[in-house]
Amino acid sequence: MKLSKKLAFGCLVLYFALQFGGCFLFSSENKPLTANNSSPKENNTDTLDTEKTTIKANISKIEGEINDLTKKREEAVRKILDIEDKKVEIGPKSVTNAENTCSEKDKKNTTSCKEFLDSKNKLEGKNRELEAERKLESSTKPSPTPSPTPSPTPSGAGIFGEGGLMTLLLYLVGGIISLAVLGGISFLIYRFFANTIKNERETTEQGFRIAGKNNHDLTQKVNQLEQTVKLQSGQFTQIQTALQTLQRQIAESGGQNYQQQAIFTQPVYKPEPQFPTAAEDYLSKVSANAQTATADLIGGLLINDSNKGNEFLIVRDNELPENLFYAVPNQTRFQTKSDYLNYYQNYYTCENPSGGAVWIKSPTTVRRVESGWKLQEKGELEIRN
């Protein structure tokens, strides 16, 4: 079922014409009588409602200003603590650290500290204003709902009075047409979104199929490469054995003692460890040549200070550029969810942190700076029970 644009436009025009005609007839022929029966009590009620509306508007305005000041304070805290990761939430602990940093003499007059202190003072003032407005709102008594005053019905203005039946018919026809128009528009919208979702789903499925095929092809190529390397290793062994046999025969034919010598070294195929891997296995391989480090929350760095802690191991990997390192957890198991939240959430993502064995899906990369190591790219952990 397809609804053409011309038919939809015609239905809309007819609907609005009927609605306008009905409203015109109803307003011209069925004007109700009005009477000014307002009393001092109703005037007082209107005053209370106006005051309450004004108070609510002031509360909304103050809340908006508080949100803006909170954002300014968070930006100042990020500058003071050098927090570049936008995903890190600014909590009370970070605000306290910023206050302690700005209390130092050499940092007190910096631009970041001035912005922080200014927004902090304004925020406290706005909170006091908000509290005062809310007290004023609670002290204002709600106005009673006035009972409706019946208005006299003019003669000849009933449903079956002069023009009343025509108005009813116009509204009835207009309502039916409006339902039809709305139904047609709703159907068009539904078809549009249904086709869009269908196309997106087909594109995604095709992408998954292509990715699966590419993954399968790469796996086959890797397996073929492994077989080729193993075959070449066997061929090297056979050649070395044949050469050693030839040397022995030559030495024996000349009446000389044969001493076996290595002609060349057989290559050994040792595939590199890949992630994901258990932290226990990875640490057993790299801990001997790694450095311990702990997180400095104020400086936003990993530093080598054994007195504060050794939650991380800094690992040099040949696959990384010269100034980049891996920062991996120096724990093989988490006892509770708090182990992740307290030490690693700023450097690793974890979908369901809990107690269990730690697996490194991808290691965090850090960059060497003057006073430690700075976060380059976050890694990902997985907890397996």
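Remember, it's a predicted structure, so these values are computed and weren't measured experimentally. (Residues numbered from 1 in each chain as written. Predicted model: local features only at pLDDT ≥ 70, side-chain atom pairs only at ≥ 80, totals over all residues. Heavy atoms only, no water.)

**Remarks on the overall build of the protein chain**
- Along the backbone of the protein chain there are 7 helices and 11 strands.
- Burial statistics for the protein chain: of 385 residues in total, 25% are counted as buried.
- Within the protein chain, residue pairs in contact and separated by at least 24 positions form 59% of the contacts whose partners lie at least 6 positions apart.
- If you sum the accessible surface of the protein chain, you get close to 27400 Å²; carbon and sulfur atoms cover 54% of it. (Helix = DSSP H or I, 4+ residues; strand = E, 2+ residues; numbered from the N terminus. Buried < 20%, exposed > 50% of the residue type's maximum accessible area, 1.4 Å probe, protein only. Contact = heavy atoms within 4.5 Å. Areas by Shrake-Rupley, 256 points an atom, 1.4 Å probe, with all protein chains shown as cover.)

**Thoughts on the confidence of the model for the protein chain**
- The predicted model of the protein chain has a mean per-residue pLDDT of 79, with 75% of residues at 70 or higher.
- Mean pLDDT per element in the protein chain: helix H1 (residues 5–29) is the minimum at 58, and strand S7 (residues 348–350) is the maximum at 97.
- Considering only residues more than four positions removed or in separate chains, one finds that residues 29–36, a stretch of pLDDT under 50, has 11 contacts.
- With pLDDT under 50 throughout, residues 154–160 is counted as low confidence; its partners more than four residues away or in other chains account for 11 contacts. (pLDDT = per-residue confidence, 0-100.)

**Some details on the state of the cysteines**
- Within the structure shown, the criterion is met by 1 disulfide.
- Between the sulfur atoms of Cys102 and its disulfide partner Cys113 the distance amounts to 2.2 Å. The disulfide joining Cys102 to Cys113 has a torsion of about -90 degrees about its S-S bond and is therefore left-handed. With Cys102 in helix H3 (residues 92–102) and Cys113 in helix H4 (residues 111–139), this pair connects stretches of sequence that are 11 residues apart. Like Cys113, Cys102 is buried. (Disulfide = S-S within 2.5 Å.)

**With respect to the pattern of salt bridges**
- Applying the stated criterion across every chain, the model contains 10 salt bridges.
- Of the charged contacts in the structure, one is a salt bridge between Glu131 and Lys135, with a shortest N-O distance of 3.8 Å. Pair noted here: Glu131 and Lys135 are both in helix H4, with a separation of 4 residues, about one helical turn.
- On the accessibility criterion, Glu131 (47% relative accessible area) is partly exposed.
- Taking relative accessible area as the criterion, Lys135 reaches 55% and is therefore assigned exposed.
- Taken together, the shared-partner salt bridges in this structure form one network comprising Glu65, Lys126 and Glu129. (Salt bridge = Lys/Arg side-chain N within 4 Å of Asp/Glu carboxyl O.)

**Re the pairing of strand S2 (residues 291–296)**
- Bridge count for S2 against strand S4 (residues 312–315) is 3 bridges, and the pairing is antiparallel. The partner of Ala293 across the bridge, within S4, is Phe312.
- With 3 bridges joining them, S2 and strand S3 (residues 301–303) adopt antiparallel strand pairing. Bridge pairing in S3 links Ala295 to Leu302.
- With antiparallel pairing between neighbouring strands as the criterion, S2 and S3 make up a hairpin whose turn holds 4 residues, including Gly300 at a positive phi of roughly 70 degrees. (Pairing = 2+ DSSP bridges.)

**Description of the packing of aromatic side chains**
- Scanning the entire structure with this criterion turns up 7 aromatic pairs.
- Both rings, one in Phe275 and one in Tyr326, keep their centres 6.1 Å apart while their planes meet at 85 degrees; by these two values the pair is edge-to-face. Placement of the pair is Phe275 in the loop between helix H5 (164–253) and strand S1 (277–278) and Tyr326 in strand S5 (residues 324–329), with a sequence separation of 51 residues.
- Residue Phe275 is classed as partly exposed on the basis of its relative accessible area, which comes to 27%.
- Taken together through their ring pairs, the aromatic side chains of Phe312, Phe334, Tyr343, Tyr344 and Tyr347 make up a single cluster. (Phe/Tyr/Trp six-rings, centres within 6.5 Å; stacked < 30°, edge-to-face > 60°.)

**As for the packing of H3 against H4**
- The geometry of H3 relative to H4 is characterised by a closest axis approach of 10 Å and an angle of 125 degrees between their N-to-C directions. Taken together, the axes of H3 and H4 lie oblique to each other. Remark: the crossing between H3 and H4 carries left-handed chirality. Mapping the contact onto sequence places Val95, Ala98, Glu99 and Cys102 in H3 and Cys113, Phe116 and Lys120 in H4.
- Looking at side-chain class alone, the contact of H3 with H4 contains 5 nonpolar, no polar and 2 charged residues. (Axes fitted to C-alpha atoms, helices over the stretch in contact; angles between N-to-C directions. Parallel < 35°, antiparallel > 145°, perpendicular 65-115°, else oblique. Left-handed = near helix turned anticlockwise from the far one by under 90°. Nonpolar A, V, L, I, M, F, W, Y, C, P; charged D, E, K, R; others polar.)

**Quick look at H4**
- Counted at 1.5 Å a residue, the expected span for H4 with its 29 residues is 42 Å, and the 42 Å between its end C-alpha atoms agrees.
- Looking only at H4, the buried set comprises Ser112, Cys113, Phe116, Ser119, Lys120, Leu123, Gly125, Leu130 and Glu133. (Expected span 1.5 Å × (residues − 1).)

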